[in-house]
Amino acid sequence: MTQILETLYSQLTGHAPESVEALPGAGSNRSYYRLKGSPTLIGVCGTSREENEAFIYLSHHFQAQHLPVPAVHAVSDDGLCYLQDDLGTDSLFQLIAHGRETGEFDEVERNLLKKVIRLLPRVQFEGAKGLNFGKCYPAVEFDHRSILWDLNYFKYCFLKATGVEFREDLLEDDFDALCQTLMGSMEAQPVFMYRDFQSRNIMVKNGEPFLIDFQGGRKGPIYYDVASFLWQAKANYPDSLRQELIDEYLDALRPYKSIEKTEFLSRLRHVVLFRTLQVLGAYGFRGYFEKKTHFIESIPFAIENLRQLLQEGFPEYPYLCEVLQRMTELKQFAIVRNRRNLTVTVMSFSYRKGIPTDESGNGGGYVFDCRAVHNPGRYEQYKSLTGRDAPVIEFLEKDGEITEFLRHTDALVDAHVQRFLERGFSHLMICFGCTGGQHRSVYSAQHTAEHLYEKFKINVHLIHREQQIDQLLKAK
């Protein structure tokens, strides 16, 4: 594949690329490469000629409509490889990382999200002008057949894999009812439905959004892309931000179509339900069957979205809702829901000043004694430092005793936290004590707090009592 891309690059520019760098894969079977040089371009190799042809056609069409998409510069004879503009390395998903991880989106992140959502009506309506929908792949439009295909994709690739029992006939009845509702949301005039309009498929270059991975687009309702964007599983948008972005979308939609917010939301929620099921089907196939870690990790977030949707209920689909409710309550999906409920307090302390009290009232947890570990406080050069300072860290890690000590404490604590997450408990306390509460205990508490936060994405309340340091790491 790289030879084909290098040949295309040479034919286009008259010289070979300086280097060819493989890029991380995404959800599809396409492979991506960065061909560095003058110019630097992205090489794409796929397994489906028809899918490539759809992307290339749409790219040319959208450029003619002055929409921000990468231009395609060269295509291989067999149609399986092509070269397109390099839009850099900044995806919207990466640029809103702080908000995704904390649930608190700052002004810069919010403004960028508003800019993207206001672009969507242009894509939907101007993108549809003069578009030959017959070029779309694998489906020309969002129709009865494609809807049922996605619903059954969910049923066979996800629902059955969870082990939840259900009656196929009753489930299919509600699938038919949902299909009829969705078909009623189609527009009278043709509208382009991006289908996977989400933050991973938006690149940001010089502060402006650009669209990628739109090859699965087709004729469809305006609601679908709003649902895809605002209910993206790992985006972690709070409902207040979703409402704010819906207002921005409706304002940008007015030159093309005027619709009251109440009516819009009434129709949108059915599409959100469908999109969530479609996403779970994809996660099931890519995660459970193709063993792709990214998709397995995303499943609990989509389950959480589904759980919130079901709180309002869908009386139109009673049996479907019953099955989904039972599915969301499965033990394997409880962990993400419980992350925000569980807080682990990690504290360092001096035995001279007494063992800390558990203020939660649980009276449990661990107290680990670090005093058997080689003490840097015995050496003059470390006496004014703490276990957070680089020289002390280097001393302890080079000595190695504390590494072995923490290997055992990590195993105990990890098992405890895992069990608490499964059972929905709210608090655990872990204390590390040493003689002065300055070196070994501080290093151990710092290590454990960071380890738990990175591994479990839970709330961690880190306290270095004798240093009067108090820090809260919020659940991701």
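Residues numbered from 1 in each chain as written. Predicted model: local features only at pLDDT ≥ 70, side-chain atom pairs only at ≥ 80, totals over all residues. Heavy atoms only, no water.

What about the overall build of the protein chain?
To be explicit about the condition: The secondary structure listing takes helices from DSSP runs of H or I that are at least 4 residues long and strands from runs of E that are at least 2 residues long, numbered from the N terminus. Buried means the residue's accessible area, taken with a 1.4 Å probe over protein chains only, is under 20% of the maximum for its type, while exposed means over 50%, and partly exposed covers the values in between. In what follows, residue pairs with any heavy atoms lying within 4.5 Å of each other are defined as contacts. Only four residue types enter the charge count: Lys and Arg as positive, Asp and Glu as negative, with His and the chain ends excluded. Working definition for charges: the position is that of NZ of Lys, CZ of Arg, CG of Asp or CD of Glu.
Helix and strand counts for the protein chain come out as 16 helices and 14 strands. Referenced to the eigenvectors of the C-alpha coordinate spread, the extents of the protein chain come out at roughly 80 × 65 × 40 Å. Evaluated residue by residue, the protein chain yields a buried proportion of 52% over its 476 residues. Long-range contacts, defined here as pairs at least 24 residues apart, represent 71% of the contacts in the protein chain between residues at least 6 apart. Counting 54 positive and 63 negative side-chain charges, the protein chain places the averaged centre of each group 2 Å from the other.

Things to note about the packing of aromatic side chains
Threshold: Here a pair means two rings of Phe, Tyr or Trp (six-membered ring of Trp) with centres within 6.5 Å. Their orientation is stacked below 30 degrees between planes, edge-to-face above 60, and tilted elsewhere. Note on criteria: charge over ring means Lys NZ or Arg CZ within 6 Å of the ring centre, with the direction from the centre no more than 35 degrees off the ring normal.
Under the defined criterion, the tally for this structure stands at 29 aromatic pairs. Relative to Phe395, the ring of Tyr382 has its centre 5.2 Å away and its plane inclined at 55°; by these criteria the two rings are tilted. On the criterion of sequence distance, the pair formed by Tyr382 in the loop between β11 (366–369) and α14 (390–399) and Phe395 in helix α14 is long-range, its members being 13 residues apart. Judged by its relative accessible area of 16%, Phe395 is buried. Members of the aromatic cluster, connected to one another through ring pairs, are Phe55, Phe62, Tyr82, Phe105, Phe192, Tyr194, Phe197, Phe214, Phe229 and Tyr237. Across the ring face of Tyr57, the terminal group of Lys135 is positioned such that the distance to the ring centre comes to 5.9 Å. A cation over a ring is seen here: Arg371 above Tyr351, with NZ or CZ 3.7 Å from the ring centre.

Digging into the sheet that holds β11
As a reminder of what qualifies: If DSSP finds at least two bridges between two strands, the strands pair. Angles here are taken between N-to-C directions and fall from 0 to 180 degrees, while the axes themselves are lines fitted to C-alpha atoms, restricted in helices to the stretch in contact.
Pairing is mixed in the open sheet, where five strands are placed in the order β11-β12-β10-β13-β14. Edge strands, defined here as strands with exactly one partner in the open sheet, are β11 and β14 (469–473). Between one strand axis and the next, the sheet turns through 15° on average, direction left out of account. Pairing of β11 with strand β12 (residues 427–434), which is carried by four bridges, proceeds in the parallel orientation. Across the sheet, the residue bridging to Val367 is Cys431, located in β12. Packing against the sheet, helix α16 (residues 440–456) makes contact with β10 (343–350), β12, β13 (459–464) and β14, and its axis sits at approximately 170° to β10.

A few points about the pairing of strand β8 (residues 208–211)
Only one face of β8 is buried: it carries Pro209 and Leu211, and the other face, with Glu208 and Phe210, is open. Hairpin connection of strand β7 (residues 202–205) to β8: two residues between the antiparallel strands, including Asn206 at a positive phi of 55°.

Focus on unusual backbone geometry
A cis amide bond links Ser38 with the next residue in sequence, Pro39, at an omega value of 10°. One can find Pro39 in the loop between β2 (31–36) and β3 (41–45). Residue Pro138 is bonded to the preceding Tyr137 through a cis peptide linkage, with omega at 5°. Structurally, Pro138 can be placed in the loop between α5 (107–126) and α6 (144–162). Its identity as a non-glycine residue notwithstanding, Asn206 has a phi of 55°, on the positive side. The backbone of Asn236 shows a phi angle near 65°, a positive value even though the residue is not glycine. In this structure, Asn236 sits in the loop between α8 (223–230) and α9 (239–253).

Let's talk about the state of the cysteines
Note the following rule: Counting rule for disulfides: a pair of cysteine sulfur atoms within 2.5 Å.
Applying the stated criterion across every chain, the model contains zero disulfides. For Cys370, which is in no disulfide, the shortest distance to another cysteine sulfur is to Cys434 and amounts to 6.1 Å. A relative accessible area of 0% places Cys370 in the buried class.

Observations concerning the sheet that holds strand β4 (residues 72–75)
Strand pairing within a sheet occurs via backbone hydrogen bonds; the two strands may be parallel or antiparallel. In space, the five strands of this open sheet follow the order β1-β2-β3-β5-β4, with antiparallel pairing throughout. Each of the sheet's edge strands pairs with one partner strand only, and the pair in question is β1 (19–22) and β4. On average, each strand axis in the sheet is tilted by 25° relative to the strand beside it, whichever way the strands run. Of the pairings in the sheet, the one linking β2 to β3 comprises five bridges and is antiparallel in character. Within β3, the position partnered with Ser31 by the bridge is Cys45.

Thoughts on α5
To be explicit about the condition: How far a helix is expected to stretch is found by multiplying one less than its residue total by 1.5 Å. Here a polar contact is taken to be a pair of N or O atoms separated by no more than 3.5 Å, where protein atoms must pair a possible hydrogen donor with a possible acceptor and residues adjacent in sequence count only if both atoms sit in side chains.
With 20 residues, α5 extends 29 Å from end C-alpha to end C-alpha; this agrees with the ideal 28 Å at 1.5 Å per step. Among the residues of α5, those classed as buried are Glu109, Leu112, Leu113, Val116, Ile117, Leu119, Leu120, Pro121, Val123, Gln124, Phe125 and Glu126. Sitting at the amino-terminal end of α5 is Asp106, which places a side-chain oxygen 3.2 Å from the backbone nitrogen of Val108.

A look at the UniProt feature "domain: RapZ C-terminal" (unreviewed entry) in the protein chain
The condition that has to hold: UniProt positions are given in the numbering used here, feature names are shortened, and annotations may be inferred rather than shown by experiment.
The UniProt record marks residues 342–467 with the feature "domain: RapZ C-terminal" (unreviewed entry), using the residue numbering of this structure. Helix makes up 40% of residues 342–467 and strand 21%, whereas the separation of the span's terminal C-alpha atoms amounts to 25 Å.

Observations regarding the side chain of Thr345
Position of Thr345 among the secondary structure elements: in strand β10. Accessibility expressed as a relative area gives 8% for Thr345, which makes it buried. Apart from the residues within four sequence positions on either side, Thr345 is in contact with His427, Leu428, Met429, Ile430, His461 and Ile463.

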